[in-house]
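A structural walkthrough
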Amino acid sequence: MAAAKPTPTDSLSFCLAQLTEAAGEGLGGGKDTAINETTLGRALLALRTRHVKAAGGIERFRARGGLLPLLALLRRASAADPAPSQAGPGSAPPSVESAASAGPAPSSGSTPSAASSSTSSPPARLRKTLDLALSILANCCTEGACRAEVRRLGGILPLVTILQCVKTDSIQNRTARALGNLAMEPESCRAIHSAGAVPLLVESLTACQDSQCRQSVVRAIRNLADLPQHRLALAQQGAVRPLAELLAAVPDPALTLALVRALLELSRGCSRACAEQLSLGGGLGPLVNLASHPKKAVRETTILILANLCAQGLVRPALGNAGGVEVLLGELQRRRGSTGAGPASQQPLVRAVCLLCREAINRARLRDAGGLELLMGLLRDPRASTWHPRVVAALVGFLYDTGALGRLQALGLVPLLAGQLCGEAGDEEEEGREAASWDFPEERTPERVEAGSFQSLRSWLISEGYVAGLGDISPDRSPERCPLPSPLAQPTNATPGPALLRTPRALRSLGRSPAAPEEPWSREGPALLLLSRFSQAPDPSGALVTSPALCGLLAYVTGAPGPPSPRALRILARLTCNPACLEAFVRSYGAALLRAWLVLGVAPDDWPALRARPLSHHSQHRELGEMLLQNLTVQAESPFGVGALTHLLLSGSPEDRVACALTLPFICRKPSLWRRLLLDQGGLRVLLAALTRPAPHPLFLFFAADSLFCLQGLVSPTANPVLPPAVPRDQEVPSPCLYEPLLGPAPTPAPDLHFLLDSGLRLPAQRAASSTASPFFRALLAGSFAEAHMDLVPLRGLSSSAAWPILHHLHGCRGCGASLGPVPPLGQPLLGSEAEEALEAAGRFLLPGLEEELEEAVGQIHLGPQGGPESVGEVFRLGRPRLAAHCARWTLGPGRCPRKRALALVGLVEAAGDPRMRWL
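Residues numbered from 1 in each chain as written. Predicted model: local features only at pLDDT ≥ 70, side-chain atom pairs only at ≥ 80, totals over all residues. Heavy atoms only, no water.

**Comments concerning the overall build of the chain**
If you tally the helices and strands in the chain, you get 50 helices and 3 strands. When burial is assessed residue by residue, the chain has 48% of its 920 residues classed as buried. Of the contacts made within the chain by residues no fewer than 6 positions apart, 73% connect residues no fewer than 24 positions apart. Put simply, the chain shows about 42900 Å² of open surface, and 56% of that area lies on carbon and sulfur atoms. (Helix = DSSP H or I, 4+ residues; strand = E, 2+ residues; numbered from the N terminus. Buried < 20%, exposed > 50% of the residue type's maximum accessible area, 1.4 Å probe, protein only. Contact = heavy atoms within 4.5 Å. Areas by Shrake-Rupley, 256 points an atom, 1.4 Å probe, with all protein chains shown as cover.)

Printed below as a string of structure tokens:
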């Protein structure tokens, strides 16, 4: 087959020359019009189909300067003199021609109807030229350098002029396509908005019937919505409603995809104007239906549009009526169940579902569709911690929905709320005023128009003489707008009322003054409001009087960076004053926790390892804790409380009996009551027996040490007979040593006896003194045994260090310091030491005085002022009753740090569980 014959249009230079010539002479400017138009049409067709579409063709066309004549041709074509309107359907009035030739920027406020009434379709030759030129320009504008060149050459204004003057669908299609491509750059997008193209695009969208033209216009509108101010301008100029109307009317799949993509861009940061137009255009129902579209792109885009619309309160009720609640909830459940869906894809849906909770009608739909379970799942998910504050704020909407609150409580909301009190604030942005609940819509009146009810009220006030004139009262003076009176403005001689007198200082100092105005809504405000609502139930113990809930409240009260909210303090006071919560406080060790955390300043994190914490408000926390414990005391000493505690102690489960016995010293002050429960009915025995069993609570041993200390205070409130006053050792006068004269080179008197140790060491002694010191040595040295006639008596199983205090004691030394010799220093074990050997030898040789002296030496070193709680268990392991009593005195002694007291009890319990402690 023969090769095609080359034509002049195969040359880019030829086509550019024809384009330049036509741009310079104008359409119809030459002598041979038909030849010129034919040659120009062929050149434009070759540029569009071959040169521009070839690889690198757009770059070559721009580099060869083709954009300048192309734009000039468009200017001349848009300003060409068409035939009069009565001569044919493609004519245009001369007024439009002159306006187009002058090229002014259309005003953004011009109405589309005015333009359409004065324009009509161009003739066929002009339409063909415009079609080809606009197609070439639109293709070139797909490349960034060409877009910048077109903007520099001022090519946006001719396009807007063509859009205004030429109402042919094909011309409108290609012009909108070119503008849409230009709008891909922010600078061009601003220029298109400034040129007033938006009203013309909206007019074209409503007037044209061609699907391709509509898609090009919709794409141009979408690309023009690149910034918030541009989206707002598009909505204010009516660009949203035609899109919504087309979405409701046109079943074209391609156009539907273009419409939802445009609506997604327009609804980002959804403005009030956008939501109103979308609702008025009837787009909510079709959007909800498209959420189940078989095409994934349409379905996901539609769901994001619905999520964006939830930012406007005015449209949320209608969105719920259209089924949007179920759609958004179902999609969020699907994405949370999908392993591939990340947090970023869930974020807009979480925000939308939370905003839907602001209207009662949508809350009911959400509750029936399983939304409560979904929100609780979000709160439990640590990966969704950023959304937790938003979810908690959404749950506040169910504050007075009794059924929903019961369901939330059953799902475990209260511990999660308590954990939120000290959590970090999320990074979510604040919602605007327009996202507020539409259950109480804001009245929007352009002028100050007084309602009839207010006019009637004011007239009545004037007629009755309460106000003198119209200016004495205005709609602004409402309880919500009037500032509360300052506490400083109160009369100085006013007598405080009973409520103020009963307010604890902790509540006034930790929170706000009772007369102070309500504080701003803080981060923990929603969680506290929900907890307060739960605490107002007749029996809130099952939800709030638990270890997680109490720990969360106490952590917030003691760890808040500023003054804690008075609502938290009121929750604690309300719980401790409720008789129905008494048993729960006992079972959960709540009373012991209040005392440890608030009164003693020891939080669970401080046990067993001490954690640094500021103590600036400890005195206020202590007063708060004492007040709460006093509330529990009032409940415990009432007839109902006495019966409840007796039942727990006598008929409760083993765990309840232990908890009751431990809590009684904290909340019982009447001697008749605590003596009967703890002593007569065996509560103290139950508590002591529980010390050697597995701990039922992480802080059980700490609570037990504090409970025993409080019980000791109840037994002897003014004096402590168990602990005698300690005498400093440096104030005691040391006794003279009576054994030392026997050790010198010239002993006086001379020793008549030597004791031989296993090591071969010989220790001098006096037979008479040794015989009278102990029945053992009396029988050994003065009896019928062979040792009575020996000058060298062996002492088996005795080291020199252990024998040293024995020899001193045999010769009458008391308090000379010899008993301190075998006692190891602090930090070294006592079991297996020479002190244990000396104690065992003193018992074997029947020397009770020496035993006591050695025990006092051990107590002086290991349980003295320098001794720590870790020494208590070591001393207790020696198995000496007097040392055990000394350990108890050290543990329960006054002035002891609560944490050291508890650590000492831990050592005692561990020592008691040692298999070697058979003497117990």
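**Describing the state of the cysteines**
Disulfide: a covalent bond connecting the sulfur atoms of a pair of cysteines. By the definition in use, this model includes 0 disulfides. Here C140 stays unpaired: no disulfide links it, and the sulfur of C146, its closest cysteine neighbor, is 4.9 Å away. The class of C140 is buried, set by a relative accessible area of 0%. (Disulfide = S-S within 2.5 Å.)

**Remarks on the side chain of S188**
Mapped onto the secondary structure, S188 falls in helix α11 (residues 186-194). In this structure S188 comes out as buried when scored by relative accessible area, which is 0%. A distance of 3.0 Å separates a polar atom in the side chain of S188 from a polar atom in the side chain of R151. If we skip the residues at most four places from it in the chain, S188 touches R147, R151, I156 and L182. (Polar contact = N/O pair within 3.5 Å; in protein donor to acceptor, adjacent residues only side chain to side chain.)

**Some points on the nonpolar core**
For soluble globular proteins, the rule of thumb is that nonpolar side chains tend to be buried together. By size, the foremost hydrophobic cluster in this structure holds 261 residues, and its most contacted members are I667 and F755. Residue contributions to this core peak at 10 residues, all from helix α42 (residues 700-715). What I667 contacts, discounting residues up to four positions off in sequence, is L582, V586, A591, L632, T633, A636, E637 and L645. (Core = buried A, V, L, I, M, F, W, Y, C linked by side-chain atoms within 4.5 Å.)

**Description of the pairing of strand β3 (residues 792-795)**
Each regular strand displays side chains that alternate between the two surfaces of the sheet. What you see with β3 is a clean split: V793 and L795 sit on the buried side and L792 and P794 on the side with no burial. Relative to β3, strand β1 (residues 753-757) runs parallel, the two sharing 4 bridges. Residue L757 lies in a different strand from β3, and its bridge partner there is L795. (Pairing = 2+ DSSP bridges.)

**Some words on the packing of helix α48 (residues 869-876) against helix α50 (residues 898-912)**
The geometry of α48 relative to α50 is characterised by a closest axis approach of 7 Å and an angle of 25° between their N-to-C directions. On the basis of the axis angle, α48 is roughly parallel to α50. For the pair α48 and α50, the crossing hand works out as right-handed. Contacts between α48 and α50 involve P869, V872, G873 and F876 from the first element and K900, L903, A904, G907, L908, A911 and A912 from the second. Here the residues of the contact of α48 with α50 are counted per class, giving 8 nonpolar, 2 polar and 1 charged. (Axes fitted to C-alpha atoms, helices over the stretch in contact; angles between N-to-C directions. Parallel < 35°, antiparallel > 145°, perpendicular 65-115°, else oblique. Left-handed = near helix turned anticlockwise from the far one by under 90°. Nonpolar A, V, L, I, M, F, W, Y, C, P; charged D, E, K, R; others polar.)

**A few points about helix α21 (residues 324-337)**
Across its 14 residues, α21 extends 20 Å between first and last C-alpha, which sits within 8% of the 20 Å expected from 1.5 Å per residue. Residues G324, V325, L328, L329, E331, L332 and R335 constitute the buried set of α21. Along the axis of α21, the buried residues cluster in a sector spanning 165°; they form a single face. On its buried face, α21 sits against α18 (284-290), α19 (296-309), α20 (316-321), α22 (343-356), α23 (360-368) and α24 (371-380). (Expected span 1.5 Å × (residues − 1). Arc of directions from axis to C-beta.)

**Structural notes on the environment of T39**
Following the sequence through the fold, T39 ends up in helix α2 (residues 33-51). For the pair T39 and C15, spaced 24 residues apart in sequence, the C-alpha to C-alpha distance is 9.0 Å. Sequence-distant contacts of T39, that is, excluding residues within four places in its chain, are made with F14 and Q18.

**Some thoughts on the sheet that holds strand β2 (residues 762-765)**
Consider a sheet: its strands pair through backbone hydrogen bonds, and that pairing is either parallel or antiparallel. As summarised here, the arrangement of the 3 strands in space is β2-β1-β3, forming an open sheet in which the pairing is mixed. Sheet topology places β2 and β3 at the edges, where each strand pairs with a single neighbour. On average, each strand axis in the sheet is inclined to that of its neighbour by 30°, with strand direction left out of account. When β1 meets β2, the two strands line up antiparallel, connected through 4 bridges.

**Some remarks on the packing of aromatic side chains**
Applying the stated criterion across every chain, the model contains 8 aromatic pairs. Relative to F703, the ring of Y589 lies with its centre 6.2 Å away and its plane at 25°, an arrangement referred to as stacked. Linking Y589 in the loop between α35 (582-587) and α36 (590-599) with F703 in helix α42, this pair joins segments that are 114 residues apart in sequence. For the residue pair Y589 and F703, the accessibility class agrees, reading buried in each case. With 6.1 Å between their ring centres and 80° between their planes, Y739 and W804 make a pair best called edge-to-face. You can see Y739 sitting in the loop between α42 and β1 and its partner W804 sitting in helix α45 (residues 800-810), a full 65 residues away along the chain. The exposure class of Y739 is buried, given its relative accessible area of 0%. Joined through ring pairs, the aromatic side chains of Y589, F700, F702 and F703 make up one cluster. Over the face of the ring belonging to F709 we find R901, whose NZ or CZ atom lies 3.8 Å from the ring centre. (Phe/Tyr/Trp six-rings, centres within 6.5 Å; stacked < 30°, edge-to-face > 60°. Lys NZ or Arg CZ within 6 Å of the ring centre and 35° of its normal.)

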